[in-house]
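Per-entry structural report
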Amino acid sequence: MAKRPPRLLAVASGGGHWVQLLRLRDAFEGFETVYVSMFENYAEAVPGARLYTIPDASRFDKLSFLKVGLKALRIMAKERPKAIVTTGSAPMLGFILLGRMMGARTLWVDSIANAERMSSSGRLARRLAHRTVSQWPEVAEAEGVQYWGSVL
Amino acid sequence: MIFASIGSMLPFDRFVRAVDEWARDNPSEEVFIQIGEGEYEPVHAPFARMLPISEYRRRLRECDLFVAHVGMGSILQGLEARAQMLLLPRDIALREHTTDHQIHTARRFQGRPGLRIVETTEALREEMTRLLREPMRVGGGDFSTKASPQLLDAVATFLKGGTPTPITKAG
């Protein structure tokens, strides 16, 4: 039997976060990529790949945070990814944290929308993820993270 | 055709109402609005809460003017479709977003060819009329659907266990 490619979990909230994640797709080559976002109809954009959805917890309350956490736990237990990449937002920190605990390599690419300072979730990611990068050189320098380029 | 969208995440009724009023005042123009989870439902233009991706892309390609909030999803997809764009940022003081980053995004993208950002709903309605009459030139060449090659390389290297070289001067 041929060796299976390592699994990558590519996760992003809806809207701009998701569009930015899709623009990174070429970097996922060599992995079996599994996606997580917030809308079922996004499956159309990633034909042939598995897509999980989690509830929108952008307006944080403890209950939705818990729901996202449980769903994330189930997805992680099932997929056991080798690496995790996210373009935000806050709810996706759960995957970074779980990934860290389960030995996956974790990357937070802060949204290009955060043009003057990093998001508060990006600042948390700075402490949780193996690597956090900003898409603006000035922001990267001020926040003490690296700049690798942008999705533009 | 004018395609207007508030994105997919949070309501933006001030925007939807302004576009709807413009549709009322310009009955000969076709207008379609994606209103998300907003409370205000347009009465002068057809609308959807959230379009399927393929229909969203089709409307974006076919429209004469794309009117949207200053969300990166809207901006990136507008650039990809080479649509002329008119954008109004959400105002955190009106609780239209959870942070003021749309103002920051607006500052960064203002002045890009084919893209205009306004600050009020009055200006939005005026510019809708103007941009249909005198469209902006959209930037030349094809706008890629991919991130910059440097970012793609770095992400690929990192995910495979390597250590990418940062672009920052300081490192």
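Once a new chain begins, its residue numbering starts again from 1 and follows that chain's sequence as written. Chains carry letters from A onward and ligands carry numbers from 1 onward, assigned in written order. Local features are withheld for residues below a pLDDT of 70 in this predicted model, meaning they are given only at 70 or higher, and side-chain atom pairs are given and counted only at 80 or more; totals for whole chains, interfaces and linings count all residues.

Overview of the overall build of chain A
Along the backbone of chain A there are five helices and seven strands. A run of DSSP states H or I qualifies as a helix once it reaches four residues; a run of E qualifies as a strand once it reaches two. Both are numbered from the N-terminal end. If you list the helices and strands of chain A from N to C, you get β-α-β-β-α-β-α-β-α-β-α-β. A radius of gyration in this sense is built from C-alpha atoms; the matching globule rule multiplies 2.2 Å by the number of residues raised to 0.38. Taking 15 Å as the expected radius of gyration for a compact globule of 152 residues, we find that chain A reaches 15 Å, a close match to that expectation. The dimensions of chain A, computed from C-alpha atoms along their principal axes, are 50 × 40 × 30 Å. A burial count over chain A gives 53% of its 152 residues as buried. Field definition: a residue is buried when 20 or more other C-beta atoms are found within 10 Å of its C-beta, exposed when 12 or fewer are, and partly exposed for counts in between, with C-beta atoms placed from the backbone.

Some points on the environment of Phe 28 of chain A
Residue and element names in this part refer to chain A. Mapped onto the elements of the fold, Phe 28 is located in the loop between α1 (16–22) and β2 (32–37). Each C-alpha atom, one on Phe 28 and one on Val 85, is 9.4 Å from the other, the two residues being 57 residues apart in sequence. Throughout, a residue-residue contact means that the two C-beta atoms, derived from backbone geometry, are no farther apart than 7 Å. Here Phe 28 is in contact with Leu 8, Ala 10 and Thr 33, once residues within four sequence places are set aside.

With respect to the packing of helix α3 (residues 93–101) of chain A against helix α4 (residues 120–128) of chain A
All names here are of chain A. Here an angle of 0 to 180 degrees is reported between the N-to-C directions of two axes, which are lines fitted to C-alpha atoms, with helices fitted over the stretch in contact. Their axes nearest at 10 Å, the elements α3 and α4 cross at an angle of 5°. Here α4 runs roughly parallel to α3, going by the angle between their axes. Residues Leu 93, Ile 96, Leu 97 and Arg 100 of α3 touch α4, and the partners they reach there are Ser 121, Leu 124, Ala 125 and Leu 128. Side-chain classes are defined by residue name, with Ala, Val, Leu, Ile, Met, Phe, Trp, Tyr, Cys and Pro counting as nonpolar, Asp, Glu, Lys and Arg as charged, and the others, Gly among them, as polar. Partitioned by chemical class, the residues of the contact of α3 with α4 number six nonpolar, one polar and one charged. Small angles under 35 degrees read as roughly parallel and large ones over 145 as roughly antiparallel, with 65 to 115 read as roughly perpendicular and the rest as oblique.

Structural notes on the sheet that holds β2 of chain A
Residue and element names in this part refer to chain A. Strands were regarded as paired on the criterion that DSSP finds at least two bridges between them. On the basis of which strands lie adjacent, the open sheet formed by seven strands has the order β3-β2-β1-β4-β5-β6-β7 and parallel pairing. Bordering the open sheet on either side are β3 (51–53) and β7 (146–147), each of which pairs with just one other strand. Examined bridge by bridge, strand β5 (residues 105–109) and strand β6 (residues 131–134) share three bridges and lie parallel to one another. Paired with Leu 107 across the two strands is Arg 131, which belongs to β6.

Remarks on the interface of chain A and chain B
Every contact between the two is made by 41 residues of chain A and, on the other side, 36 residues of chain B. When residues of the side of chain A that touches chain B are assigned to their parent elements, the largest contribution, four residues, is made by α1 of chain A. For the side of chain A that touches chain B, the residue count by class is 20 nonpolar, 12 polar and nine charged.

Digging into the nonpolar core
Buried Ala, Val, Leu, Ile, Met, Phe, Trp, Tyr and Cys residues whose C-beta atoms connect them within 7 Å together make up a nonpolar core. Among the nonpolar cores identified, the biggest contains 98 residues, and Val 85 and Phe 95 of chain A together with Val 19 and Val 155 of chain B are the most heavily contacted of them. With residues up to four places along the chain from it excluded, the contact list for Val 155 of chain B reads Leu 24, Ala 27, Val 85 and Leu 107 of chain A.

Notes on helix α2 (residues 53–62) of chain B
Residues and elements named next belong to chain B. Restricting attention to buried positions, one finds in α2 the residues Tyr 56, Arg 59 and Leu 60. The buried residues of α2 all sit within an arc of 100° when viewed along its axis, so they share a single face. The exposed residues of α2 that point more than 90 degrees off its buried face are Ser 54 and Glu 62. Looking at the buried residues of α2, the elements they touch are β1 (2–5), β2 (31–34), β4 (65–69) and α3 (72–80). Along the arc lie the directions from the helix axis toward the C-beta atoms.

Some remarks on the confidence of the model for chain B
Parts of the model with low pLDDT should not have their predicted coordinates read in detail. The quantity called pLDDT is the predictor's confidence in a given residue, expressed from 0 to 100. Of the residues in chain B, 96% reach a pLDDT of 70 or more, and the chain-wide mean stands at 93. For this predicted complex, the interface score ipTM comes out at 0.95, while the overall pTM is 0.93.

Details of the pairing of β2 of chain A
All names here are of chain A. Where strand β1 (residues 7–11) and β2 come together, five bridges link them in parallel fashion. Across the sheet, residue Leu 8 finds its bridge partner in β2, namely Thr 33. Orient the strands so they point away from the viewer, and a crossover whose first-strand-to-second-strand path over the helix runs clockwise is right-handed. Handedness of the β-α-β unit built from β1, α1 and β2 comes out right-handed. Taken together, the three bridges between β2 and β3 define a ladder with parallel strand orientation. For Tyr 35, the partnering residue across the bridge sits in β3 and is Leu 51.

What about the pairing of β6 of chain A?
Residue and element names in this part refer to chain A. Neither face of β6 is left uncovered, since the one carrying Arg 131 and Val 133 and the one carrying Thr 132 and Ser 134 both have all their residues buried. Where the polypeptide runs from β5 across α4 and back to β6, its parallel neighbour, the crossover connection is right-handed. Relative to β7, β6 is paired through two bridges, and the arrangement is parallel. Across the sheet, the residue bridging to Ser 134 is Tyr 147, located in β7. Traced from β6 through helix α5 (residues 137–143) to β7, the parallel crossover comes out right-handed.

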